[in-house]
Structures are given as structure tokens and as C-alpha cells.
Amino acid sequence: MTPQWLEPGCHPVVDGVHRIPLELPQDGLRAVNVYVLETNSGIALIDGGWHRPNTYAEFAAALARIGRRPDDIHDIVVTHIHRDHYTFAVELRRRHGCRIHMGLAEAPGLDEIARINSNVPESSLDQVRRAGAPGLAETVHRLTVEEPFDVGDWEKPDSWLSPGMLDLPGREIEAVHTPGHTKGHMVFHDHDNHLSFTGDHILPTITPSIGFELGDWELPLAKFLASLELMTSDTEHVIAPAHGAVGGLVGERAQALLHHHARRFDEILEILSDIGEPVPGNLVAQTLRWTRRERPFAGLDTFNQLIAVCETMAHLDVLVAQGQLTVETADGVDRFTH
């Protein structure tokens, strides 16, 4: 059955806030939520969506249900740099002149996209090779280099955000830097409505991917866990996620996500203890189960195998940093021992 949150339209969340789910091409996430905020100057958006051929018509039809048009938008505040959140914001600015704002720490990633000039996730492929899976890296490279790419979808925002209150007329919304999913990810707390636009930092039913971004690999999981710790005591704000239905408290879900990763660490330590000799991260990823359905690694599609290997490396690196594992490198491949 299709989850109710995927139904097209412009759905009320609280007074002055609506949610528009925009279709995504992947069969996993299915849609991204764009939030429409009434302001004293028109409307603002939280996230922009993915620029695809039919996105503008889909979005304009949804806005029309509340008597609004795309040219009513004056600002778009983006939670993070991934294309399903950023690229349609650029298209809306091109058409209507609205302003775009994104976290300052996303600037290096945007520069990397311009340098690579394709959809090839070079940094993630480096991690897959380090994990001892060059064949997977070659397959992903071949698939992504053939994807349509328009560098015009990746123009720079009008401003780079730092933590603090947003300049949205009539709205009291605070930006909080929550690195992990990406380096510059931001969560936006609507204090008046006890609502948090959590982007991909806190999702209601799945765990956000870790390590899928461009740029230097800087213990992304450690940053993600620290960002979650900041929110465990939040008993006031309801989750307005980028993917999934609105609902649940930020603090409770943050605690659940921390518990998930604690279990993952234990699973990895047990696997390495049972093996008893240095092994590459790819072998660990193949031994683990994935998604809520506990799928074997071989049952994942190519893109999700890439994500799985990157997430495994992120866990292994944290365990090394904590002194629970040792690592040795040969021929560009890291091998881990417990």
C-alpha cells in the first residue's frame, strides 16, 4: 500500500505551514517533502526538491490548492546540498528571482560538484575502493557518469547560513548546524509552532545515510552522533522530516537513532571477533544485514550497496578512533582487526 504521506497535494501541517511531497525517481525514498511557510511578505520554502522535467508543473499545481503561485516565493532555505533538496530551488530562483540560503559548510561540496561536472560521487568511490571493493566502484562510476547532468542546477546560493535565527518576516525559526549526513546539514526549529524541519538528519522510519557526499572524509558518523546527542533532550518539537510523515518528537527519535548505531557497533565488533584476522570493510558490509527488512548485502541494488559500504566504513573508522579496532593499510585497502 502507498503510504499516506506520498499523496500529491499541499497538506496542512500547522497554521501557516503546508507540506508538498514532490516525486523522486528512486524507488526507495519515493518523495521529498517541501514545506511552504506563510510569511509577512509572501511564502518561503524549507527545501526545494529535485529539478526534473515535471517538477515545476507538479509543484505549481500543489501550490494552487492553497491559492498560491511559485512567484509568491521570496526565500528558500535548504537543509543540505543533496540534489533532491537543492536543485529545484535553483530552478525556482531562475524563473522567479527568489533567494536561496544553505549552510556554510556545504560550500566545499558545491565547489567539488562544479569541479567534477558530473553526478559521479568521487569521494564515496574513494571510500569503496579503500574498503576493498574496486568492482563496485567501477560499476557506480559507469552508471553515474552516464546520468544527465546540468551544472546550472548547482549555482551557488544567495547566502551561506550560520547557526542562529533566520531572516524570515513574521517567523521565529532557528537554524542549527547538524553535520553528519552532510557537512553543512541544517535543522530548522520553528519555536512558535513546536515544529522542527529536520531534513535528512532525523527521519521517522529510516536511518539517514552517512558518508555520501563530496569532499574530505572527516569521521562523518562521529559528527552525526554528536549532532543527535544535541537533540536527545528535545521534548517539545515535532519532526517535520524531508522523507516521511510529520510526527513524533525530535528527542525520542534522536535517542532511537543513537540506539540503532550503538547496536551496529556491537554487530561489527562481533563480526570481527568471530573472523579473528584483518579484513577489509567490504567484507564486513557483506556480512551485515541492511534496511528495516534485514536484507542481505547481495539483495541491495548497486546504489544501495555503495551506501552500505560507505556506512560500514564510517562505523569502522569511529571504532578505530575509539581504540576498539586496529587498522592496517596495504595497496590502498584498509583492513580492520578487533
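Anything mentioned here points back to the structure above.
Residues numbered from 1 in each chain as written. Predicted model: local features only at pLDDT ≥ 70, side-chain atom pairs only at ≥ 80, totals over all residues. Heavy atoms only, no water.

### Concerning the overall build of the protein
Consideration 1: Secondary structure summary: the protein contains nine helices and 17 strands in total.
Consideration 2: Taken over C-alpha atoms, the radius of gyration comes to 20 Å for the protein, in line with the 20 Å a tight globule of 338 residues would show.
Consideration 3: For the C-alpha atoms alone, the extent of the protein along its principal axes is close to 65 × 45 × 40 Å.
Consideration 4: Residue burial in the protein is summarised as follows: out of 338 residues, 54% are buried.
Consideration 5: Counted over contacts in the protein with a minimum sequence separation of 6, partners at least 24 positions apart contribute 65%.
Consideration 6: Counting only carbon and sulfur atoms, one obtains 49% of the accessible surface of the protein, whose full area is about 14,700 Å².
Consideration 7: Of note, the protein has its 27 positive side-chain charges centred 5 Å away from the centre of its 49 negative side-chain charges. (Helix = DSSP H or I, 4+ residues; strand = E, 2+ residues; numbered from the N terminus. Rg over C-alpha atoms; globule rule 2.2 N^0.38 Å. Buried < 20%, exposed > 50% of the residue type's maximum accessible area, 1.4 Å probe, protein only. Contact = heavy atoms within 4.5 Å. Areas by Shrake-Rupley, 256 points an atom, 1.4 Å probe, with all protein chains shown as cover. Lys, Arg positive; Asp, Glu negative; His and termini not counted. Charge placed at Lys NZ, Arg CZ, Asp CG, Glu CD.)

### Overview of the nonpolar core
Consideration 1: In terms of nonpolar packing, the biggest core is built from 79 residues, with Phe59 and Leu92 touching the most fellow members.
Consideration 2: Top contributing element to this core by residue count: helix α9 (residues 302-321), with 10 residues.
Consideration 3: With residues near it in sequence (within four places) discarded, Leu92 still touches Leu45, Tyr56, Phe59, Pro70, Ile73, Ile76, Gly97 and Cys98.
Consideration 4: Counting residues in each nonpolar core, the second largest holds 16 residues, with Tyr35, Ile46, Val77 and Phe197 among its members. (Core = buried A, V, L, I, M, F, W, Y, C linked by side-chain atoms within 4.5 Å.)

### A closer look at the environment of Leu6
Consideration 1: Checked against the element boundaries, Leu6 lands in the segment before β1 (11-14).
Consideration 2: Under the relative-accessibility criterion, Leu6 is labelled buried at 14%.
Consideration 3: Separated by 16 residues in the primary sequence, Leu6 and Leu22 place their C-alpha atoms 8.3 Å from one another.
Consideration 4: Residue contacts for Leu6: discarding those within four places in its chain leaves Pro21, Arg30 and Ala31.

### Regarding the sheet that holds strand β17 (residues 333-337)
Consideration 1: A sheet is described by the order of its strands in space; here three strands give the open sequence β13-β17-β16, paired in antiparallel fashion. A single partner strand is all that each edge strand has here, and the edge strands are β13 (279-280) and β16 (326-330).
Consideration 2: With five bridges joining them, β16 and β17 adopt antiparallel strand pairing. Along β17, the bridge assignment pairs Ala330 with Val333. (Pairing = 2+ DSSP bridges.)

### Structural notes on the packing of aromatic side chains
Consideration 1: Going through the model one piece at a time under the given rule, you end up with five aromatic pairs.
Consideration 2: Taking NZ or CZ as reference, Arg95 lies 3.8 Å from the ring centre of Tyr56, over its face.
Consideration 3: If you follow Arg264 out to its NZ or CZ, it ends over the ring of Trp290, 4.4 Å from the centre. (Phe/Tyr/Trp six-rings, centres within 6.5 Å; stacked < 30°, edge-to-face > 60°. Lys NZ or Arg CZ within 6 Å of the ring centre and 35° of its normal.)

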